[in-house]
Amino acid sequence: MASVNSDEWRAVCHKFTSAQNLTLVESRNDPDNEPFRSKYKARELLAEIYCSLKSFEVGEEESGGGRPPTEPPVDGQREDGFGEGVGGDSPAGLRAARLAAVEYYLGVNHVDTEELSAGQEHLMNCVKLLERCSVSSENVSLFIHVRNQLGILWAGRDETETSQGFLETAESNYQRYMKEDGSPPTDMTEYFTTEENLLTHQERTKRFELAYTHTMYYLAQVYKNLGETERAATYCHSTLQRQLQLNQFSPMEWALNAATLSQYYITKGLYMEGRHCLSAATVISGLAGEAPSEAAAQESEAESERREQLRQKRAEIARCWIKYCLNLLQDSKKLLEDSIGELDTDRQEEMKMARRREEEEEEKGRKSALLFGSEDTFDSIASLEEKVRCSLPLDFTEARAVFLVGQNYVTQAKEYFEMDGHVTDHVEILQDHSALFRSLAFYEEDLERRCKMHKRRVDMLEPICNDLNAQYYLMIRRQMMFELAEIYNEMMDLKLTLANRQADSETLDNHTIKKFNHLCSASAKYFQMFLDSLCSPEGKIPEHLEEEVLRPALVARFRVARLYSRLISSSPSAQLENLDKSLEHYQYVVQYCEAHPEAAATVETELELSTEMVGLLPLKINRLKAKMAVNS
């Protein structure tokens, strides 16, 4: 092999530097009609380097210069290569590592130019060359890099388990090396660097740790695709921590990943972890700076794109905060409500006592492995965490504090996701805002104020529902119609409860009756609009309801039947008409379930009550008819 100080070797190093510059710098400026021009030039230089390395081998039999078979090994099941083969620091080991490195760079080059089969062949050549050597500080970085690349390659082909094998081997290489050696390993670029340009130990360590961070990132994706969500979340969390520690991250991309991770923790009821992720996301996103003004965006395409990116991603983080607040309120409500959906005060006291005993110790134990950040960001993240609780709110004051945080993020999210241009997102944010009000109303003891909260929900949803194009936004309109029907139904019950509390007798005054009937009719109207949306363009009721609308449709029928039976009227003919309509809807539920027995399981309670009412209502109707005949 040529001396590292010889002119021949310096020429090889110069070619490698040029190839790297072409790949990493010059390629960014390649024209659209020749997008890979620089990478093709780099490939030629790498091929020349490979030939030079082979020609340097004097007095030894060439081993590994050909093209070995390319079939992928079951990589996750092989030994790690520690203590096997020639020593990594021996002349033969270094020759193999240099040849393997060129194969690696050729493999990445071919993958970058969308020649995946050729890329795979070169990467597998790299693996084969390294398999002759024991893992050491001279080659462990290359061991990990090539398996990372093969992991990405196979994941792109949806061969997730093959990808998993390569990546898990890279992981075990790293872990065993750190346990048995741990010294800063040689970086792959140093195979083609003159002595005076070798990296410092600090830079070697940083690059090696970054390679392993990539391993963890790719494994997080693999485990997610395999459905191993808990494992995926653990690897994602570790990746984010390492990126901050190494100071190797894009602020907005990091922040969005942390916010997305929070949603996993929220679904598991791990609100402290979710809050920490969101607080870190908010603080780190601030490192990206302010979004350019609208005026600046109009002057420059780059500024326009940056403004769009920053505003969109910050709005998406705000939406994750909304989900945090909403889920926190909803999970608390599930634990506190009694059999009829009201606040169970005994359960509330039990939970308050239990929380005082457990909260402090639990938080101490879980925070140690959780923290994101650096000296510059720890305090900012902690300060933001203090502004919103992570324990379940147990009374109105606590719930209102969570609600206000959520409502603040609703305002932020709507600044970007406006109705004009972002209809679906805007409506989803409004629905979350409505759900925040609904959750807060559960804690409100004053029924009048509770009713006003539901009225706020109507005011935000009703205009949008009526304005949306039914052809393009059918599913969204159905959701909103059903929700509006339920809101009016809830308000109707609250008004009646209030009237009964305030009245000296069981007789309601005309104003109360009028208000009650208005709410009752409004609820029935929106349920009917929902049912009408299921009909054909000619207005024909479907004989078979699709699975996704089966329960909502039958519940809507049942609710309309109840609403018609509850309308208050002094006119016997109006009463009779309402009872006939009520019976018609009850009969539909019963008859549909008789014709489609599989539907019965989805509406057991409603079917039982409908069957009962189909038996009772005809008697009531007949009595009313008889009474009308006597009075006529």
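Rules used throughout
Per chain, the residues get numbers from 1 upward, laid out in the order the sequence is written. With pLDDT at 70 or above as the cut-off, local features in this predicted model cover only qualifying residues; side-chain atom pairs require 80 or more to be listed or tallied, and sums for whole chains, interfaces and linings still use all residues. To obtain the side-chain values, all non-hydrogen atoms of the structure were used and water was disregarded. A helix here means a DSSP run of H or I that spans at least four residues, while a strand means a run of E at least two residues long, and both kinds are numbered starting from the N terminus. A simple rule labels every residue: compare its accessible area, found with a 1.4 Å probe on the protein chains alone, to the largest value its type can have, and call it buried under 20%, exposed over 50%, or partly exposed in between. Contacts: residue pairs with any heavy atoms within 4.5 Å of one another. Methods summary: accessible areas were calculated by the Shrake-Rupley approach with a probe of 1.4 Å, and residue burial reflects only the protein chains presented. The salt bridge criterion pairs a side-chain nitrogen of Lys or Arg with a carboxyl oxygen of Asp or Glu, the two atoms within 4 Å. Here, nonpolar core refers to any group of buried Ala, Val, Leu, Ile, Met, Phe, Trp, Tyr and Cys residues whose side-chain atoms link them within 4.5 Å. Interaxial angle, 0 to 180 degrees, is taken between N-to-C directions of lines fitted to C-alpha atoms, where a helix line uses only the stretch in contact. Under this scheme an angle from 65 to 115 degrees is roughly perpendicular, one under 35 degrees roughly parallel, and one over 145 degrees roughly antiparallel; angles in between are oblique. Left-handed is the label given to a crossing in which the near helix is rotated counterclockwise from the far helix by less than a right angle, and right-handed is the label when the rotation is clockwise. As a working rule, the residues Ala, Val, Leu, Ile, Met, Phe, Trp, Tyr, Cys and Pro are called nonpolar, Asp, Glu, Lys and Arg charged, and the rest polar, with Gly in that last group. Known as pLDDT, the predictor's per-residue confidence is scaled from 0 to 100. Any helix carries an expected span of 1.5 Å times its number of residues minus one. Here the bend at a residue means the angle between the axes of two seven-residue stretches, the one that ends at it and the one that starts at it. Pairing of N or O atoms within 3.5 Å defines a polar contact, subject to two protein rules: one partner must be a possible hydrogen donor and the other a possible acceptor, and residues neighboring in sequence count only if both atoms are side-chain atoms. Stacked, edge-to-face and tilted labels apply to pairs of Phe, Tyr and Trp rings (six-membered ring for Trp) whose centres lie within 6.5 Å, assigned for plane angles under 30 degrees, over 60, and everything in between, in that order. Comment: the charge-over-ring label is applied if NZ (Lys) or CZ (Arg) is within 6 Å of the ring centre and within 35 degrees of the ring normal. Throughout, disulfides are identified as pairs of cysteine sulfur atoms within 2.5 Å of each other.

Asks: It is not clear to me how the overall build of the protein should be interpreted in this structure. Could you clarify?
Replies: When you go through the protein residue by residue, the secondary structure sums to 22 helices and 0 strands. Taking the principal axes of the C-alpha coordinates as reference, the protein spans close to 125 × 55 × 55 Å. Classification of the 632 residues of the protein by burial places 48% in the buried group. In the protein, the share of contacts with a sequence separation of at least 24, taken over all contacts with a separation of at least 6, comes to 72%. On the protein, roughly 32100 Å² of surface is accessible, and the fraction owed to carbon and sulfur atoms is 47%.

Asks: What is the right way to look at the pattern of salt bridges in this model?
Replies: Close approach of charged atoms allows side chains of opposite charge to pair. Summed over the entire model, instances satisfying the criterion amount to 30 salt bridges. For E168, the salt bridge goes to R231, with nearest N and O atoms at 3.8 Å. Residue E168 is located in helix α6 (residues 160-180), and its partner R231 is located in helix α8 (residues 229-246); the two are separated by 63 residues in the primary sequence. What makes E168 partly exposed here is its relative accessible area of 22%. With its nearest N and O atoms 3.0 Å apart, the salt bridge here joins R207 to E203. One end of the pair, R207, and the other, E203, are both in helix α7 (residues 201-225), 4 residues apart, so they sit about a helical turn from each other. Residue class for R207 comes out partly exposed when judged on its relative accessible area of 31%.

Asks: Any chance you could explain the nonpolar core here in plain terms?
Replies: In globular proteins that are soluble, nonpolar side chains generally tend to be buried together. Counting residues in each nonpolar core, the largest one holds 115 residues, and the members touching the most others are Y324 and L554. When residues of this core are assigned to their parent elements, the largest contribution, 14 residues, is made by helix α18 (residues 474-502). Apart from residues no more than four positions distant in its own chain, L554 is found in contact with L545, Y588, V589, Y592, C593, A599 and V603.

Asks: Got a minute to help me understand the packing of helix α5 (residues 140-156) against α6 in this structure?
Replies: Angle between the axes and distance between the axes are the two parameters that describe a pair of packed helices. Remark: α5 packs on α6, axes separated minimally by 7 Å, with the N-to-C direction vectors making an angle of 160°. Viewed along their axes, α5 and α6 adopt a mutual orientation that is roughly antiparallel. The handedness of the crossing between α5 and α6 is left-handed. Along its contact with α5, which presents V140, F143, I144, R147, N148, L150, G151, W154 and A155, the element α6 presents T162, S163, F166, L167, T169, A170, N173, Y174 and Y177. When the residues that make up the contact of α5 with α6 are grouped by side-chain class, the tally is 11 nonpolar, 6 polar and 1 charged.

Asks: Would you explain the environment of A281 in this entry?
Replies: Relative to the assigned elements, A281 resides in helix α10 (residues 271-286). Relative accessible area serves as the criterion here: at 0%, A281 is assigned to the buried category. Residues A281 and P537, spaced 256 residues apart in sequence, show a C-alpha to C-alpha distance of 48 Å. Ignoring any residue separated from it by four or fewer positions in sequence, one finds A281 in contact with W254, A255, A258, A259 and I317.

Asks: I keep staring at unusual backbone geometry and nothing clicks. Help me out?
Replies: Excluding glycine, residues mostly have negative phi values, and the peptide bonds linking residues are mostly trans. In the Ramachandran plot, E114 falls in the positive-phi region, its phi being about 70° despite a non-glycine side chain. Of note, E114 is situated in the loop between α3 (91-112) and α4 (116-130). Classification of E114 by relative accessible area gives exposed; the value is 64%. Despite not being glycine, N247 shows a phi value in the positive range, around 55°. Among the secondary structure elements, N247 is positioned in the loop between α8 and α9 (251-267). Judged by its relative accessible area of 56%, N247 is exposed.

Asks: How do you make sense of the confidence of the model for the protein when you look at a structure like this?
Replies: Caution applies to low-pLDDT regions: their predicted coordinates should not be interpreted in detail. Residue-level pLDDT values for the protein average 90, and 91% of them are 70 or greater. Overall, residues 58-74 carries pLDDT values under 50, and its contacts beyond four positions in sequence, including any with other chains, amount to 29 contacts.

Asks: How do you make sense of helix α16 (residues 423-443) when you look at a structure like this?
Replies: With 21 residues, α16 extends 31 Å between its outermost C-alpha atoms, agreeing within 8% with the 30 Å of an ideal straight helix rising 1.5 Å per residue. Among the 21 residues that make up α16, 17 are buried, leaving the element largely enclosed by the rest of the structure.

Asks: What is the right way to read helix α22 (residues 604-631) from this model?
Replies: In an α-helix, one full turn covers 3.6 residues, which means residues spaced three or four apart are oriented alike. For α22, spanning 28 residues, the distance from its first C-alpha to its last is 41 Å, which sits close to the expected 40 Å at 1.5 Å a residue. The sharpest bend along α22 measures roughly 30° and falls at V614, with the proline P618 sitting one to four residues further on. Residues of α22 that are buried: E606, L607, S610, L617, I621 and L624. Buried positions along α22 lie against α20 (547-566) and α21 (572-595).

Asks: Just to check I follow, could you spell out the side chain of H585 for this structure?
Replies: Here H585 lies in helix α21. For H585, a relative accessible area of 6% translates into the label buried. A polar side-chain atom of H585 sits 3.2 Å from a polar atom in the side chain of R557. Excluding its chain neighbours within four sequence positions, the residues that come into contact with H585 are Q528, R557, V560, A561 and Y564.

Asks: Can you help me understand the packing of aromatic side chains in this one?
Replies: Aromatic ring pairs: the centre-centre distance and the angle between the two ring planes describe each pair. As enumerated under the stated definition, the model contains 25 aromatic pairs in all. Aromatic pair Y488 and Y526: ring centres 6.0 Å apart, planes at 10°, arrangement stacked. Residue Y488 is found in helix α18, and its partner Y526 is found in helix α19 (residues 510-532); the two are separated by 38 residues along the sequence. Here Y488 and Y526 have matching classes, each one buried. The rings of W9, F16, Y104, Y105, Y191 and F192 are connected pair by pair, giving a single aromatic cluster. Its end group placed over the ring of F417, R319 keeps NZ or CZ at 5.3 Å from the ring centre. Over the aromatic face of Y588 sits the side chain of R557, whose NZ or CZ is 3.9 Å from the ring centroid.

Asks: Got a minute to help me understand the packing of α18 against α19 in this structure?
Replies: Put simply, α18 and α19 touch, their axes get as near as 8 Å, and they point 160° apart. Here α18 is positioned roughly antiparallel relative to α19, judged by the angle of their axes. Along this stretch, α18 crosses α19, giving a crossing that reads as left-handed. Residue classes in the contact of α18 with α19 are distributed as 17 nonpolar, 3 polar and 5 charged.

Asks: What is the right way to read the state of the cysteines from this model?
Replies: A covalent bond between the sulfur atoms of two cysteines is referred to as a disulfide. In total, this model carries 0 disulfides according to the counting rule given. Of all cysteine sulfurs, the one in C277 lies closest to C236, which takes part in no disulfide; the gap is 8.0 Å. The partly exposed category is assigned to C236, whose relative accessible area is 21%. C451 provides the cysteine sulfur closest to C520, a residue in no disulfide bond, and the two sulfurs are 14 Å apart. Judged by relative accessible area, C520 falls into the buried class, the value being 1%.

Asks: Looking at this model, I keep getting lost on the environment of S55. Mind explaining?
Replies: Position of S55 among the secondary structure elements: in helix α2 (residues 37-56). For the pair S55 and P542, spaced 487 residues apart in sequence, the C-alpha separation works out to 79 Å. Reaching out from S55, the side chain makes a polar contact with the backbone oxygen of S52 at a distance of 2.7 Å.

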